[in-house]
Amino acid sequence: MTRYGACVLILLLTFLSNSGFSQESAGLKRIRIGMPNRGAIVLGLLAAQSYGHFRAQGLYAELIVMRPSTSLQTLMSGDLDFSTALASSARASVSGLPMRIVMTLTVGQDFTLVVRPEIRRVEDLRGKTLATSGVGEFTDVGARMILKKYGLLPEADVKLRTLFGNHPLRLSALQAGQIDGTIMTMPYNKMAVKMGFRELVHLREIFKAPQGGLVTTVQKIRSEPEVILRSVKAALLGNRFLKENKNEFVKLLAKESGVRDQVVAGLIHEEIVKLYSDSGIISDEAMQELIASAKEVLKTSKEVSFSEIADFSFARRASNEIKEGR
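Rules and cut-offs
Residues numbered from 1 in each chain as written. Predicted model: local features only at pLDDT ≥ 70, side-chain atom pairs only at ≥ 80, totals over all residues. Heavy atoms only, no water. Helix = DSSP H or I, 4+ residues; strand = E, 2+ residues; numbered from the N terminus. Rg over C-alpha atoms; globule rule 2.2 N^0.38 Å. Buried < 20%, exposed > 50% of the residue type's maximum accessible area, 1.4 Å probe, protein only. Contact = heavy atoms within 4.5 Å. Lys, Arg positive; Asp, Glu negative; His and termini not counted. Charge placed at Lys NZ, Arg CZ, Asp CG, Glu CD. Pairing = 2+ DSSP bridges. Polar contact = N/O pair within 3.5 Å; in protein donor to acceptor, adjacent residues only side chain to side chain. Salt bridge = Lys/Arg side-chain N within 4 Å of Asp/Glu carboxyl O.

Draft legend 1. Representation of the overall build of the protein chain within the structure. On a plain count of helices and strands, the protein chain comes out with 15 helices and ten strands. Its C-alpha atoms give the protein chain a radius of gyration of 19 Å, near enough to 20 Å, the size a compact globule of 326 residues would have. Across the 326 residues that make up the protein chain, the buried fraction comes to 58%. Taking the intrachain contacts of the protein chain between residues at least 6 apart in sequence as the baseline, contacts between residues at least 24 apart amount to 78%. Of the side chains in the protein chain, 43 bear a positive and 33 a negative charge, and the two mean positions are spaced by 2 Å.

Listed below in structure tokens is the structure:
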């Protein structure tokens, strides 16, 4: 997508979803965050928007759904303040783009490989078709990780089919029998299970790096550090609110993802509270995995330091302020 196209997309989505901006946000700093969907992983951001955590930090947050690659392009053009695409941003940083992860929303992955019910082992995927959201995006990277771990060659043994779009699109393709499986995140993996499909492999068993967070540019870190700090703090407070308030989690999940089955919603909450980060910071081991994965996809052996990928100083400060009640 060109910069012009990205700008048009942002302006259109902003007009449609925020026509009341001038009245709602008087005196607040507007920020734009690009996210791949409105699912459980980013629900902390949606909670921060819905329950006033952004507003308490003097911010008016626009949360815009777009593909990870598009969000990073738009971020670099200056038309977004943050993207939530951690894996994609790590690859971009390794490639030399000036962007940094400033916090993580989770401590692990909630992606799972969902397949047709007759497929009981990864080895049963030989000759089958898996759908991804695009080459290089995490649904593609995750599928390749699983296949390689179980001795299957992507494309040779298992066909990878790109279906540009979101999880509901791939779930529909699975229902229609157009594909045999796909990598899905909550709540869609649990919705698929209810439909009779099978969760075959949890990505967190293979890949320890986190999923979702806030990514911004080096330029914005230098020019608006206080905005970044307040944004990170609001996101952490949103996570904490949902962990502590199951009923509100269930309500917000129903509103944003259409999950109205109380049992399914309860199962999602039980799993997701184990993943939501309290600090926004990850371990060195997880950082190493994130960098190693990025280098493998890019087929590079260059040395990459943690500081070229992430800046967790804002998360440390925000976490300390929350603990101190500030």
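Draft legend 2. Inspection of the pairing of strand S8 (residues 181–184) at higher detail. Burial along S8 is two-sided: the face carrying Gly181 and Ile183 and the face carrying Thr182 and Met184 are both buried. As defined by bridge partners, strand S5 (residues 112–115) adjoins S8 across four bridges and the pair is classed as antiparallel. Within S8, the position partnered with Val115 by the bridge is Gly181.

Draft legend 3. Main features of the side chain of Ser133. Relative to the assigned elements, Ser133 resides in the loop between strand S6 (129–132) and helix H7 (138–149). The exposure class assigned to Ser133 is buried, which follows from its relative accessible area of 8%. Within the local environment of Ser133, its side chain forms a polar contact with the side chain of Glu137, the two groups lying 3.0 Å apart. Side-chain polar atoms of Ser133 contact the side chain of Thr139, separated by 2.7 Å.

Draft legend 4. Expanded view of unusual backbone geometry. The step from Met186 to Pro187 runs through a cis peptide bond, and the omega angle for that step is 5°. Summarising the element assignment, Pro187 is placed in the loop between S8 and helix H9 (188–194). Its identity as a non-glycine residue notwithstanding, Glu155 has a phi of 75°, on the positive side. Judged by relative accessible area, which is 44%, Glu155 ranks as partly exposed. Phi at Lys299 is positive, roughly 55°, even though this residue is not glycine. With respect to the helices and strands, Lys299 occurs in the loop between helix H14 (284–298) and helix H15 (313–323).

Draft legend 5. Seen up close, the environment of Arg204. By secondary structure assignment, the location of Arg204 is in the loop between strand S9 (198–202) and strand S10 (213–217). In the structure, Arg204 is positioned 95 residues away from Gln109 in sequence and 4.9 Å away in space, judged by C-alpha atoms. If we skip the residues at most four places from it in the chain, Arg204 touches Gln109, Asp110, Glu271 and Leu275.

Draft legend 6. Main features of the environment of Ile281. Within the fold, Ile281 resides in the loop between helix H13 (262–272) and H14. Judged by relative accessible area, which is 24%, Ile281 ranks as partly exposed. As for Ile281 and Ala310, which are separated by 29 residues in sequence, their C-alpha atoms are 9.8 Å apart.

Draft legend 7. Main features of helix H5 (residues 68–77). Most of H5 sits inside the fold, with seven of its ten residues counted as buried. Within H5, burial applies to Pro68, Thr70, Ser71, Leu72, Thr74, Leu75 and Ser77.

Draft legend 8. Geometry of the pattern of salt bridges. A full pass over the atoms with the stated rule returns 22 salt bridges. Between Asp81 and Lys220 there is a salt bridge, and its shortest N-O distance comes to 3.0 Å. Linking Asp81 in the loop between H5 and strand S3 (82–83) with Lys220 in helix H10 (residues 218–223), this pair joins segments that are 139 residues apart in sequence. Judged on exposure class, the residue Asp81 and its partner Lys220 are both buried. As a salt-bridge pair, Asp140 and Arg144 come within 3.0 Å of each other at their nearest N and O atoms.

Draft legend 9. Molecular detail of the environment of Arg55. Here Arg55 lies in helix H4 (residues 53–56). What makes Arg55 partly exposed here is its relative accessible area of 44%. With 237 residues separating them along the chain, Arg55 and Ala292 place their C-alpha atoms 37 Å apart.

Just distances and angles here, no functional claims.
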